[in-house]
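# Observations on chain architecture
One-letter residues, chain by chain:
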2 protein chains.
Amino acid sequence: MDSLQKYLLLIERRLQENWERFSNPLPLYLFSAYHMGWVDESGNPLSEFKGGKRLRPLLCVLINQAFNGSLDDALNLASSLEFLHNFSLVHDDIQDGDEKRHNRWTVWRLWGVPQAINVGDSLFNLCFQVLTQLSSPLLQRISLKEITNTIQELIEGQYLDISFEKRNDVYLKEYMTMIEKKTARLFATSLFLGSFSANYKEDISRKFFEMGKNFGMFFQIADDIMGIWGDSRKTGKTPLGDLWKKKKTFPIICLLHEASDKERQKIYEIWNKSNLLEQDISYILQALERKRVKEISFNTAKKFFEKSYKIIEEYEELVDLSLIKELFKNYYNLIFSSQS
Amino acid sequence: MDSLQKYLLLIERRLQENWERFSNPLPLYLFSAYHMGWVDESGNPLSEFKGGKRLRPLLCVLINQAFNGSLDDALNLASSLEFLHNFSLVHDDIQDGDEKRHNRWTVWRLWGVPQAINVGDSLFNLCFQVLTQLSSPLLQRISLKEITNTIQELIEGQYLDISFEKRNDVYLKEYMTMIEKKTARLFATSLFLGSFSANYKEDISRKFFEMGKNFGMFFQIADDIMGIWGDSRKTGKTPLGDLWKKKKTFPIICLLHEASDKERQKIYEIWNKSNLLEQDISYILQALERKRVKEISFNTAKKFFEKSYKIIEEYEELVDLSLIKELFKNYYNLIFSSQS
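Only a predicted model underlies this, so the values are computations on that prediction, with no experimental measurement involved.

What counts and how
- Residues numbered from 1 in each chain as written.
- Chains lettered and ligands numbered in written order.
- Predicted model: local features only at pLDDT ≥ 70, side-chain atom pairs only at ≥ 80, totals over all residues.
- Helix = DSSP H or I, 4+ residues; strand = E, 2+ residues; numbered from the N terminus.
- Rg over C-alpha atoms; globule rule 2.2 N^0.38 Å.
- Contact = placed C-beta atoms within 7 Å.
- Nonpolar A, V, L, I, M, F, W, Y, C, P; charged D, E, K, R; others polar.
- Buried ≥ 20, exposed ≤ 12 C-beta atoms within 10 Å, placed from the backbone.
- Least-squares fit on C-alpha atoms with pLDDT ≥ 70 in both.
- Core = buried A, V, L, I, M, F, W, Y, C linked by C-beta atoms within 7 Å.
- Domains from an automatic or database assignment.
- pLDDT = per-residue confidence, 0-100.
- Axes fitted to C-alpha atoms, helices over the stretch in contact; angles between N-to-C directions.
- Parallel < 35°, antiparallel > 145°, perpendicular 65-115°, else oblique.
- Left-handed = near helix turned anticlockwise from the far one by under 90°.
- Bend = angle between axes of the 7 residues up to and from the residue.

## As for the overall build of chain A
Helix and strand counts for chain A stand at 16 helices and two strands. Rg of the C-alpha trace for chain A: 20 Å, near the compact-globule value of 20 Å for 340 residues, within the 12% margin. Principal axes of the C-alpha set define a box for chain A whose edges measure 60 × 50 × 35 Å. Across chain A, contacts joining residues at least 24 apart in sequence account for 70% of those joining residues at least 6 apart.

Here it is in structure tokens:
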């Protein structure tokens with residue numbers, strides 16, 4: 001088993017221990033265990049794990065261990081961050097009306113919106129309950145401050161994302177602000193807290209915060225690229241799914257930015273339809289090609305990746321960052337090879 | 001101005017200061033200011049305050065001041081508890097589909113369910129952001145633990161309440177557990193933290209926790225009584241509103257407990273209808289009268305009130321609890337005089 005795998009197992013175990021510690025036989029907790037990917041909808045353990053990639057907790061633990069920090073604190077912080085991420089997913093699925101996640105029914109689809117709101121709230125609270133277990137009062141204080149600031153940005157990002165649905169004129173700058181808040185900030189905080197919990201140094205930890213933020217921007221734009229051009233066998237997403245759902249992702253915002261007034265008008269007309277046709281999707285795909293949007297998107301994602309990678313290289317002499325480097329590269333290759 | 005009024009003004013000011021500290025011009029924060037009762041739906045200040053009674057923060061501050069505690073800490077804890085209460089109201093309105101609160105449109109009704117989920121989440125987070133301002137690490141640690149435990153119970157209570165809607169056979173004991181979690185616990189924690197922030201004594205603070213729990217039970221059952229027999233001019237509620245909405249409140253659960261099999265069957269039949277008629281409401285009202293449910297409910301509420309009041313009397317020699325006594329009595333009289 002490689003080292004990344006070893007840490008993933010430790011994280012998964014601690015997530016389950018923390019969940020158990022603050023749960024009881026009420027079905028509410030079955031719903032959250034289902035969402036976390038541990039049981040099926042009847043509460044039976046799954047033969048195959050169905051949760052997410054645990055990328056944020058993994059980054060938190062890796063940087064902590066690179067500095068020889070307390071693994072116990074790192075695993076608790078990692079749990080907190082992953083529960084936070086999952087609270088936002090449960091509420092996000094309600095807000096977007098998404099019926100599936102990781103090829104399984106979403107919580108609201110199975111148990112209704114009212115109980116799904118409770119499940120999200122319960123994971124939200126769990127994120128703070130886990131913090132009560134940190135070893136030092138200073139770490140607890142800093143974590144509470146960082147995590148609440150992160151959640152605030154995340155909710156603001158979610159607010160913006162939803163507000164974009166009703167607007168045609170979303171500018172690239174606004175879009176970048178939105179993903180920085182909604183996605184990148186949590187990556188930044190994962191690396192900041194992982195580092196701080198090991199070295200208790202704010203200045204160096206802020207550097208890793210920047211590293212995380214840039215990786216997060218790369219991650220989101222890459223995800224947006226996959227939503228249009230991804231190989232659905234590899235991504236598990238519906239082919240061209242984001243176009244059919246009229247999602248305003250990076251390539252689309254970029255297309256609107258590059259398009260002529262006439263092209264922009266045509267896209268707005270398509271969005272005004274209640275149901276899209278094959279020919280509408282074709283038009284958008286052709287426009288994307290005409291304006292070389294795929295290339296622009298890839299280059300933008302790449303630029304963020306490189307910024308992030310540069311910070312790794314800067315600190316490589318000070319501390320062994322080989323596992324984070326491996327993880328980053330894996331992701332980079334996965335994304336740049338899984339386009340159809 | 002009397003002393004209760006003076007504290008209410010201090011609380012309102014601190015709530016607004018704390019809200020401002022963690023807000024920005026994003027409309028999301030206008031939505032939460034609207035919910036808190038400070039502005040109208042366009043963001044203009046209201047000529048008349050439209051928020052709630054601020055009962056939980058008031059209890060927190062009163063007990064803290066009775067022990068000559070730090071007013072600054074008390075006001076921050078009070079803010080945290082009131083934001084917590086309001087997060088739960090915003091989500092509760094979505095879950096129940098309630099269109100009005102305090103005679104104003106609810107957040108989801110004005111800005112849609114997705115943004116209302118964000119507003120609730122944002123107040124949820126604000127409850128923890130405020131805690132970062134407490135003066136001592138010990139108080140911060142204890143508050144984080146107590147508040148997360150309280151939120152857990154609150155969400156469990158909300159889970160149970162929603163699950164009761166789909167069941168006819170809800171037992172009195174289950175109902176009491178539900179309101180203890182959903183309502184009473186927050187009163188208990190308000191008094192616990194108010195006391196602890198002043199005297200830093202866990203044992204005596206637990207006594208006030210009990211006082212708050214009993215007052216909270218009284219408060220909820222009294223509210224349930226008002227939902228059926230309250231004078232709508234005084235309560236601001238729809239006359240017989242809870243009966244029309246088929247709400248399973250204390251008097252109804254009590255009626256099911258006291259009713260004959262035949263009567264119970266008849267009530268279940270009424271609930272199975274999609275729309276109730278005047279005669280259905282009459283049947284239930286008559287059954288309530290036959291079984292003397294109003295009297296039983298009043299007596300149960302009174303018993304909890306007395307338990308709570310007894311704890312006041314027990315500590316009266318140690319500390320001046322006259323303002324809490326006044327507040328409790330005001331509530332008691334308000335409720336027992338506002339029945340139609």
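Anyway, onward from the coordinates.
## Considerations on the interface of chain A and chain B
Opposite the 31 residues of chain A that make contact, chain B presents 31 residues. Of all the secondary structure elements, the ones that give two or more residues to the side of chain A that touches chain B are α4 (71-96), α6 (113-131) and α7 (137-165) of chain A. In terms of residue count, α7 of chain A provides more of the side of chain A that touches chain B than any other element does, 13 residues in total. Here the side of chain A that touches chain B is composed, by residue class, of 15 nonpolar, twelve polar and four charged.

## Focus: the environment of L277 of chain A
Residues and elements named next belong to chain A. Take L277: it is sitting in the loop between α13 (261-272) and α14 (278-290). L277 gets classed as exposed once you count the C-beta atoms within 10 Å, which come to 10. When the C-alpha atoms of L277 and W244 are compared, they prove to be 8.7 Å apart, with 33 residues separating the residues in sequence.

## Brief notes about the relation of the copies chain A and chain B
Here two copies of a chain appear, and what relates them is a rotation about an axis with a shift along it. Under the fitted operation, chain A is carried onto chain B by 0.0 Å of movement along the axis and a turn of 180°, and the coordinates agree to an RMSD of 0.0 Å. The superposition of one copy onto the other is thereby described by a two-fold rotation axis. Using C-alpha coordinates, one finds that chain A approaches the rotation axis most closely at P137 of chain A, a distance of 3.2 Å. When you check the interface residues of chain A against chain B, 100% turn up at the interface there too, and the contact is symmetric in its surfaces.

## Observations regarding the nonpolar core
Among the nonpolar cores identified, the biggest contains 187 residues, and C60, C127 and L191 of chain A together with C60, C127 and L191 of chain B are the most heavily contacted of them. Viewed by domain, this core spans two of them, domain 1 (1-200) and domain 2 (202-340) of chain B, each represented by three or more residues. Excluding its chain neighbours within four sequence positions, the residues that come into contact with C60 of chain B are A74, L77, A78, L81, S190, L191, L193 and G194 of chain B.

## Brief notes about the confidence of the model for chain A
Confidence in the prediction for chain A averages 94 pLDDT; 98% of positions are at 70 or higher. Prediction confidence for the complex, expressed as pTM and ipTM, is 0.96 and 0.96 respectively.

## Overview of unusual backbone geometry
Here N103 of chain A, not a glycine, exhibits a phi torsion of approximately 60°, which is positive. With 8 C-beta atoms packed within 10 Å, N103 of chain A lands in the exposed category. Residues other than glycine seldom take positive phi values, yet N68 of chain B does so here, at roughly 55°. With respect to the helices, strands and loops of the structure, N68 of chain B is situated in the loop between α3 (55-66) and α4 (71-96).

## So, the environment of D320 of chain A
Inspection of the secondary structure puts D320 of chain A in the loop between α15 (293-315) and α16 (322-337). Distance from D320 of chain A to N299 of chain A, taken between C-alpha atoms, is 28 Å for residues 21 residues apart in sequence.

## With respect to the packing of helix α6 (residues 137-165) of chain B against helix α7 (residues 172-199) of chain B
The packing of two helices is summarised by the inter-axis angle and the distance between the axes. Residues and elements named next belong to chain B. Where α6 meets α7, the axes come as close as 7 Å, and the angle between the chain directions of the two elements is 165°. On the basis of the axis angle, α6 is roughly antiparallel to α7. For α6 against α7, the interelement crossing comes out left-handed. Considering only residue class, the contact of α6 with α7 consists of eleven nonpolar, six polar and seven charged.

## Focus on the environment of I162 of chain B
Tracing the sequence through the fold places I162 of chain B in helix α6. You can call I162 of chain B buried: it has 20 C-beta atoms within 10 Å. C-alpha of I162 of chain B to C-alpha of S79 of chain B: the two residues are 83 residues apart in sequence and 27 Å apart in space. Leaving out residues up to four positions away in the same chain, I162 of chain B has contacts with P114 and Q115 of chain A together with Q95 of chain B.

## Concerning α7 of chain B
Every α-helix winds through 3.6 residues per turn, so residues three or four apart in the chain are directed the same way. Residue and element names in this part refer to chain B. The sharpest bend along α7 comes to roughly 50°, located at A184. In terms of residue burial, α7 counts as a mostly covered element, since 21 of its 28 residues are buried. One or two steps after α7, the chain reaches Y200, where phi turns positive at roughly 50°.

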